[in-house]
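Below are the chains, spelled out letter by letter.
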Amino acid sequence: MSQFAINVLFVGGSFAIYIGIAIWAKAGSTRDFYVAGGGVHPITNGMAIGADWMSAASFISMAGIIASAGYGASTFLMGWTGGYVLLALLLAPYLRKFGKFTVPEFIGDRFYSKPARMVAVVCLIVASLTYVIGQMAGAGVAFSRFLEVDATTGLIIAAIVVFFYSVLGGMKGITYTQVAQYIVLIVAYTIPAVFISLELTDNPIPPLGLFSDHSASGEPLLSKLNEVVTALGFNEYTAMVDNKLNMVLFTLSLMIGTAGLPHVIMRFFTVPKVADARWSAGWALVFIGLLYLTAPAVASMARLNLVTTIYPDMAAQVQNYEDAAANPIAYADRPDWIRTWEETGLITFDDKNNDGRIQLYNNAADFSDRGWQGNELEVSNDILVLANPEIANLPGWVVGLIAAGGLAAALSTAAGLLLAISSAISHDLIKGAINPKITEKGELRAARISMSVAIVVATYLGVNPPGFAAQVVALAFGIAAASLFPALMMGIFSKRINNKGAIAGMLSGLVFTLVYIFVYKGWFFIPDTNNLADVEANWVLGISPLSIGAVGAILNFVVAYLVSSFTEEPPQEIQDLVESVRYPKGAGVAIDH
Amino acid sequence: MADDKSKAAAYWKANLRLITGCLIVWALVSYGCAILLRPLLAGISVGGTDLGFWFAQQGSILVFIGLIFFYAWKMNRLDKKFGLGE
């Protein structure tokens with residue numbers, strides 16, 4: 001069977017499963033549509049959260065980023081997992097006890113204010129919509145590489161599949177497809193990693209392989225990696241970063257951003273009890289951890305594999321790296337996987353010194369004494385995971401599995417985000433503000449229509465990605481961190497924060513964060529409208545625009561506290577509401593009001 | 001009623017104490033061992049690198065998982081002890 005046929009079989013097979021689940025899990029009520037009927041088992045929910053959370057960025061890009069930045073990229077590993085501790089301890093059990101359908105609904109009720117609810121709706125839609133563009137783009141990459149269709153056709157196929165199970169099944173359909181998608185994505189991620197770990201370290205468990213000896217040289221894998229990359233002018237893989245303040249703030253922004261993202265929080269509304277919300281956070285992190293513990297192993301091994309593919313003499317124990325570096329492979333002898341990926345433009349070669357060989361090294365280093373006139377091989381971070389099976393010479397079905405896994409990661413996250421958007425529109429905007437008298441049937445129809453519109457908008461933006469596609473992660477996490485997380489946390493842990501304080505806090509956190517990002521990245525991400533170049537020398541106190549969400553969150557807390565202290569206390573019934581979310585007793589199922 | 005109130009207050013206080021303890025560990029492994037205190041731990045080597053690197057790429061995630069289950073387990077006991085569970 002040809003590789004193409006295998007890929008079609010795997011991707012088509014997984015899509016057939018998702019559609020089958022959608023037909024089986026059709027939503028009959030708004031409760032089904034928003035919270036999957038409220039009876040999801042915590043382990044099932046943990047798995048669904050895993051797929052909901054792990055996006056194209058986690059599956060496709062993260063290992064590549066770690067491979068190139070080494071220790072410095074640990075931020076993503078800690079930031080995207082540490083947020084679950086905050087969710088489990090500070091938000092999930094209480095929001096589950098509150099027992100409503102959406103995140104803006106809690107903010108609106110707790111701060112007894114429609115404007116507060118609308119601010120939350122806007123934050124939610126901007127954060128989720130920017131995030132969903134990245135998922136659609138990721139799905140496009142996977143389609144064009146593995147199914148030989150152009151990205152637009154691929155995207156439309158993906159959108160139809162998502163449309164089918166999310167519009168039909170709502171949260172119910174999404175929950176069970178996410179469970180299937182989790183299994184597909186984790187198997188796809190792990191199998192090539194196990195083979196590569198065996199090949200490089202003789203240890204079948206990648207996270208253990210990372211700290212084992214490299215079989216070809218007998219040295220510890222990470223020391224070996226440090227030696228080969230420094231021989232090519234790169235920093236040591238495990239080198240400490242200089243700007244520790246920025247690393248701390250970036251990690252903190254990702255953590256509180258993770259905890260504040262509505263599409264994740266919503267999943268906690270689907271379990272029967274408050275205790276289950278706590279357990280499902282733990283299970284979620286177990287399932288997420290399986291990938292996040294494998295990713296750094298994949299990263300370092302793929303980096304070492306790449307370097308020793310170009311410089312075969314570096315693989316064994318090496319006395320003199322000068323000599324090994326002088327003997328790279330000829331371009332004509334490059335392995336097949338480099339040829340395949342050259343076709344996608346994600347690997348490019350330019351023989352700058354015309355010697356017919358590939359020189360791969362840090363372009364900032366000067367190796368003119370070796371006759372090198374610049375780095376000749378550009379490898380996109382995004383291909384490492386997707387190319388892994390080919391790099392390790394694994395059979396064709398593993399390649400097909402990776403294709404299905406990448407799509408599962410992108411589509412499961414896209415569906416969760418689209419549900420968050422559509423429920424904010426139908427439940428918070430239409431039912432909460434425009435037409436409170438809408439019938440349940442009417443609301444369900446409104447939810448389905450807004451879901452359809454959101455899919456069309458997301459697909460359009462995926463086909464025509466705005467120039468800022470690469471920056472959107474900063475925006476989504478910045479907004480969630482600076483606006484939603486503090487409001488939710490204060491709503492639970494303080495009885496004193498009132499409507500004025502909460503609104504002032506959310507707006508100042510949001511505006512401050514957006515302005516700081518825009519100053520460096522361009523106003524509304526329009527190219528060349530930035531006031532300062534986005535380089536470390538220009539950052540205030542060395543804080544990058546990616547890390548500013550944490551500062552925005554602190555500002556939000558301070559402003560909310562000050563404004564509330566100078567204005568009246570919240571009314572008694574609100575203080576009673578806060579009191580009631582703190583105790584699990586009498587939670588019951590998530591209800592409509 | 002007054003008894004219920006003081007019981008609820010004690011439950012909340014115990015919960016806050018537990019949260020504070022867990023968050024101290026949370027911050028210590030990630031911001032501490034993995035970043036700020038890494039130079040101090042440089043002497044302890046783990047598989048070709050130092051303990052701080054292990055915390056940054058593996059240890060903190062394992063501790064996070066442990067923390068959530070520990071908290072869930074402790075809270076279940078608190079819920080029962082104060083009769084505030086479901």
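Residues numbered from 1 in each chain as written. Chains lettered and ligands numbered in written order. Predicted model: local features only at pLDDT ≥ 70, side-chain atom pairs only at ≥ 80, totals over all residues.

Going by the annotation in an unreviewed UniProt entry, the name recorded for chain B is DUF4212 domain-containing protein, with Salinicola lusitanus given as the source organism.

Novice: Account for the overall build of chain B, with residues named and values stated.
Specialist: When its secondary structure is counted, chain B shows 2 helices and 2 strands. Rg of the C-alpha trace for chain B: 18 Å, well past the compact-globule value of 12 Å for 86 residues, more than 25% over. Looking at the 86 residues of chain B, the share that counts as buried comes to 38%. Partitioning the intrachain contacts of chain B with sequence separation of at least 6 by distance along the chain shows that 59% fall at a separation of at least 24. (Helix = DSSP H or I, 4+ residues; strand = E, 2+ residues; numbered from the N terminus. Rg over C-alpha atoms; globule rule 2.2 N^0.38 Å. Buried ≥ 20, exposed ≤ 12 C-beta atoms within 10 Å, placed from the backbone. Contact = placed C-beta atoms within 7 Å.)

Novice: Residues and numbers for the domain arrangement of chain A, please.
Specialist: Think of interface size as the accessible area that goes away when the parts come together; that is how it is often given. Residue and element names in this part refer to chain A. Here the domain parsing of chain A yields domain 1 (3-304 + 392-582) and domain 2 (311-388). A C-alpha centroid distance of 34 Å is found between domain 1 and domain 2. On the side of domain 2, 18 residues touch domain 1, which itself brings 27 residues to the contact. For the side of domain 1 that touches domain 2, the element with the highest residue contribution is helix H4 (residues 56-69), accounting for 8 residues. Taken together, the residues of the side of domain 1 that touches domain 2 break down into 17 nonpolar, 7 polar and 3 charged. (Domains from an automatic or database assignment. Nonpolar A, V, L, I, M, F, W, Y, C, P; charged D, E, K, R; others polar.)

Novice: How would you summarise the nonpolar core if you had to cite specific residues and measurements?
Specialist: One broad trend across soluble globular proteins is that nonpolar side chains are buried collectively. Ranked by size, the top nonpolar core spans 232 residues in total, and within it Leu-185 and Leu-418 of chain A together with Ile-68 of chain B carry the most contacts. Split by domain, the residues of this core number at least three in each of domain 1 (3-304 + 392-582) and domain 2 (311-388) of chain A. Setting aside residues up to four positions removed in sequence, Leu-185 of chain A forms contacts with Ala-51, Met-54, Phe-59, Gly-405, Ala-408 and Ala-409 of chain A. (Core = buried A, V, L, I, M, F, W, Y, C linked by C-beta atoms within 7 Å.)

Novice: Lay out the interface of chain A and chain B with the relevant residues and their values.
Specialist: In this complex, chain A contributes 41 residues to the contact, which on the side of chain B involves 38 residues. The set of elements that each furnish at least two residues to the side of chain A that touches chain B consists of helix H5 (74-98), helix H10 (221-231), helix H11 (244-260) and helix H13 (274-310) of chain A. Take the side of chain A that touches chain B: its biggest share by element is 12 residues, from H13 of chain A.

Novice: Go over the UniProt feature "transmembrane region" (unreviewed entry) in chain B, please, and point to the residues and values.
Specialist: Residues and elements named next belong to chain B. Per the UniProt record, "transmembrane region" (unreviewed entry) is found at residues 21-41 and 53-73. In residues 21-41, helix accounts for 76% and strand for 0%; the two terminal C-alpha atoms are 23 Å from one another. The span residues 53-73 shows a helical share of 100% and a strand share of 0%, and its end C-alpha atoms are spaced 30 Å apart. (UniProt positions renumbered as here; feature names shortened; annotations may be inferred.)

Novice: Tell me about the packing of H5 of chain A against H11 of chain A, residues and numbers included.
Specialist: All names here are of chain A. Look at H5 against H11: their axes get within 7 Å of each other, and the N-to-C directions meet at 45°. The pairing of H5 with H11 is recorded here as oblique in orientation. Judged by the twist between their axes, the crossing of H5 over H11 is right-handed. Packed against H5, whose contacting residues are Thr-75, Phe-76, Met-78, Gly-79, Trp-80, Gly-82, Gly-83, Leu-86, Leu-87 and Leu-91, the element H11 presents Met-247, Phe-250, Thr-251, Leu-254, Met-255, Ile-256, Thr-258 and Ala-259 at the interface. When its residues are assigned to classes, the contact of H5 with H11 shows 12 nonpolar, 6 polar and no charged. (Axes fitted to C-alpha atoms, helices over the stretch in contact; angles between N-to-C directions. Parallel < 35°, antiparallel > 145°, perpendicular 65-115°, else oblique. Left-handed = near helix turned anticlockwise from the far one by under 90°.)

Novice: Give a description of the UniProt feature "domain: Sodium symporter small subunit" (unreviewed entry) in chain B that names residues and reports values.
Specialist: Under the UniProt annotation, "domain: Sodium symporter small subunit" (unreviewed entry) lies at residues 9-84 of chain B. Its end C-alpha atoms 11 Å apart, residues 9-84 of chain B is made of 78% helix and 5% strand.

Novice: Tell me about the environment of Ile-526 of chain A, and name the residues and values.
Specialist: All names here are of chain A. Within the secondary structure, Ile-526 is located in the loop between helix H20 (499-521) and helix H21 (548-566). Ile-526 sits in the partly exposed class, given 13 other C-beta atoms within 10 Å. Taking the C-alpha atoms as reference points, Ile-526 and Met-506, 20 residues apart in sequence, are found 25 Å from one another.

Novice: A description of helix H1 (residues 3-24) of chain A should follow, citing residues and the corresponding values.
Specialist: Residue and element names in this part refer to chain A. End to end, H1 covers 32 Å across 22 residues, agreeing with the expected 32 Å (1.5 Å per residue, within 8%). All buried positions along H1 are accounted for by Asn-7, Phe-10, Val-11, Ser-14, Phe-15, Tyr-18, Ile-21 and Ala-22. The arc that holds the buried residues of H1, viewed along the axis, is 115°, so those residues lie on one side. Those residues of H1 that are exposed and angled more than 90 degrees off the buried face are Ala-5, Gly-12, Gly-13, Ala-16, Ile-23 and Trp-24. Structurally, H1 contributes buried residues whose contacts are with helix H7 (114-146), helix H8 (151-201) and helix H17 (396-434). (Expected span 1.5 Å × (residues − 1). Arc of directions from axis to C-beta.)

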